[in-house]
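Inside the fold
Next come the chains, spelled out residue by residue.
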Amino acid sequence: MDFIIAALDYLLGIPLLGWGTQIGFVYKALALLVGLLLFTAFILLGDRKIWAAVQLRRGPNVVGPFGLLQSFADLLKFALKEAIIPAGADKVLFLAAPLITATLALGGWAVVPVDNGWAMANINVGILYLLAISSLGVYGVIIGGWASNSKYPFFGSIRAAAQMVSYEVSIGLVIITVLLCVGSLNLNDIVVAQSEMGLAHSLGVPWLSFLNWFWLPLFPMFVVFYISALAETNRPPFDFAEGESELVAGFMTEYSSTPYLLFMLGEYISILLMCAMATILFLGGWASPIDLPPFTWIPGIIWFFIKVSMMFFFIAMAKAMVPRYRYDQLMRIGWKLFLPLSLIMVVIVAFVLQLTGWGWNGGLA
């Protein structure tokens, strides 16, 4: 990322600034924020295009070539519309809720390494930071539903709180299985570990990097993480917090204009954060699938976002193909299936590591 700072410094006519300065930190924050928002705009278009393709429709195709500017037109529409606040709503909390949701979602990306050393904050407890941020995200939903002073938004926020808390347990146990193999809470270390150990090294073909990634030995946990991420971010088939057939738009029923936009932005940024976590934990982060040219000629940041896009494709396909579950089915899956399965996998992984001594740099085995 040094070249980004150097380019900005050159364009602004300011002497080169190091990463340690406050202005350098601002440069990194702006580069991450602008890049993430642009990526989200096209991911949102991709979501609509995938859904349309499955249903044999065209999807957005009018604004810009192939509809590429549709997300920007939507942004302009939301920004120019009037924000209507219900007369009985708590106005301060009503406006604070979407801001909390969007801010927390964006804040989670501060520790995500998009390439080796390319993170806003390369902290040693990055995975705990992400768990904390994802846990706090439910507050924006609860506050928005309660502050609306309406029954459907309140029901939606209660549903969201229950399912997000339930599936955080499964996600936490999934992460523990990865941490047992790595022995570090640092996200950068988790990616590096997947390039220095694994099945490819055991078979004597270390250039087949994708065999080293944790999706293979921890495949059941990869599946549990994927399904739990759908529930954690209120995505179909688990979108009970905003199921239009039951609760109109759930906790967002009374929202319009920019506050509604912030809720939707926070939701999609959170989805991408879950995709990034899956990429880091199970798909080798920024590493290329085959450690040979021409694959190694592609920058790590490109591989990272290719994998994030692939994970989002799976999430979008679930929305297009799987019918909505009943709420009791969702809770049953979380507590009676995923929780016992995750606990059993934690015990099995710990036992295997203790028995074989396998693990990165000694790990916790």
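So, here is what we can say about the structure in this document. (Residues numbered from 1 in each chain as written. Predicted model: local features only at pLDDT ≥ 70, side-chain atom pairs only at ≥ 80, totals over all residues. Heavy atoms only, no water.)

**Some thoughts on the overall build of the chain**
Note the following rule: Put simply, DSSP marks the helices as runs of H or I at least four residues long and the strands as runs of E at least two long, and each gets a number from the N terminus on. Burial classes follow relative accessibility: with a 1.4 Å probe on protein chains only, a residue under 20% of its type's maximum area counts as buried, one over 50% as exposed, and anything between as partly exposed. Two residues qualify as a contact provided that any one of their heavy atoms is within 4.5 Å of a heavy atom in the partner residue. In this description, accessible areas are obtained by the Shrake-Rupley approach with a 1.4 Å probe, and a residue is regarded as covered only by the protein chains that are shown.
Along the chain, the regular secondary structure elements total 13 helices and zero strands. Its helices and strands in sequence order give the chain the pattern α-α-α-α-α-α-α-α-α-α-α-α-α, from N to C terminus. In the chain, buried positions account for 47% of the 365 residues. Contacts in the chain between residues at least 24 apart in sequence constitute 73% of all its contacts with a sequence separation of at least 6. Carbon and sulfur atoms provide 72% of the accessible area of the chain, an area that totals close to 17,100 Å².

**Examining the side chain of Asp239**
We apply this condition: Pairs of N or O atoms are called polar contacts if they sit within 3.5 Å, as long as, within protein, a hydrogen donor faces a hydrogen acceptor (for residues adjacent in sequence, only side-chain-to-side-chain pairs).
Note that Asp239 resides in the loop between helix 9 (219-232) and helix 10 (244-247). At 2.8 Å, the side chain of Asp239 and the side chain of Arg324 are in polar contact.

**Some words on the side chain of Thr101**
You can see Thr101 is positioned in helix 4 (residues 91-107). Dropping the residues within four chain positions of it, Thr101 is found in contact with Gly140, Val141, Phe263 and Gly266.

**So, the packing of helix 9 against helix 11 (residues 257-282)**
As a reminder of what qualifies: For every element, the axis is a line fit to its C-alpha atoms; helices are fit only across the contacting stretch, and the angle between N-to-C directions ranges from 0 to 180 degrees. Each angle is binned into one of four classes, with values under 35 degrees roughly parallel, values over 145 roughly antiparallel, values of 65 to 115 roughly perpendicular, and all other values oblique. Crossing handedness is defined as follows: a turn of the near helix away from the far one that is anticlockwise and smaller than a right angle gives a left-handed crossing, while the clockwise case is right-handed. All residues other than Ala, Val, Leu, Ile, Met, Phe, Trp, Tyr, Cys, Pro, Asp, Glu, Lys and Arg, Gly among them, are scored as polar; the first ten of these are nonpolar and the last four charged.
Running from amino to carboxyl end, helix 9 crosses helix 11 at an angle of 170 degrees, the nearest separation of the two axes being 10 Å. Here helix 11 runs roughly antiparallel to helix 9, going by the angle between their axes. In this structure, the crossing between helix 9 and helix 11 has a hand that is right-handed. Contacts between helix 9 and helix 11 pair Met221, Phe222, Phe225, Ala229 and Glu232 from the former with Met274, Met277, Ala278, Leu281 and Phe282 from the latter. Across the contact of helix 9 with helix 11, the residue classes break down as nine nonpolar, no polar and one charged.

**Describing empty space enclosed by the protein**
In plain terms, the rule: Put simply, the grid is 1 Å and covers the protein atoms alone, a cavity is a trapped set of points that fit a 1.4 Å probe, a pocket is an open set with protein on both sides within 12 Å along at least five of seven lines, and lining residues have an atom within 4 Å of a point. Grid points are joined across faces, edges and corners, and a volume is the space filled by probe spheres set on the points.
Evaluated as defined, the whole model comprises two cavities of 30 Å³ or more. Its boundaries defined by the atoms lining it, the largest cavity holds a volume of some 270 Å³. Among the secondary structure elements, those contributing two or more residues to the lining of the largest cavity are helix 4, helix 5 (126-147) and helix 11. The leading source of residues in the lining of the largest cavity is helix 11, at six residues. Class assignment for the residues of the lining of the largest cavity results in nine nonpolar, seven polar and two charged.

**Brief notes about the nonpolar core**
Under the convention used in this document: Residues belong to one nonpolar core when they are buried, are Ala, Val, Leu, Ile, Met, Phe, Trp, Tyr or Cys, and are joined through side-chain atoms within 4.5 Å.
With 88 residues, the main nonpolar core has Trp109, Leu218, Phe225, Phe282 and Phe304 as its most contacted residues. The element contributing the most residues to this core is helix 11, with 15 residues. Discounting residues that sit within four places of it in the chain, Trp109 has contacts with Leu32, Leu36, Ile269, Leu272, Leu273, Ala276 and Phe304.

**Thoughts on the pattern of salt bridges**
Selection criterion: One speaks of a salt bridge when a side-chain nitrogen belonging to Lys or Arg is within 4 Å of a carboxyl oxygen belonging to Asp or Glu.
For the coordinates displayed, the defined rule picks out six salt bridges. Among the ionic pairs, Asp74 bridges to Arg48, the shortest N-O distance being 2.8 Å. On the criterion of sequence distance, the pair formed by Asp74 in helix 3 (residues 70-80) and Arg48 in helix 2 (residues 22-54) is long-range, its members being 26 residues apart. The residue Arg326 makes a salt bridge to Asp328 at a minimum N-O spacing of 3.0 Å.

**Overview of the layout of surface pockets**
Size it by volume and the largest pocket reaches roughly 1,000 Å³. Taken together, 36 residues line the largest pocket, and the ones lying closest to its centre are Leu44, Arg48, Tyr260, Met264 and Tyr268. Where the lining of the largest pocket is concerned, the elements lending two or more residues are helix 2, helix 3, helix 11 and helix 12 (300-321). Considering every element that reaches the lining of the largest pocket, the biggest residue donor is helix 2, with eight residues. When the residues that make up the lining of the largest pocket are grouped by side-chain class, the tally is 21 nonpolar, four polar and eleven charged.

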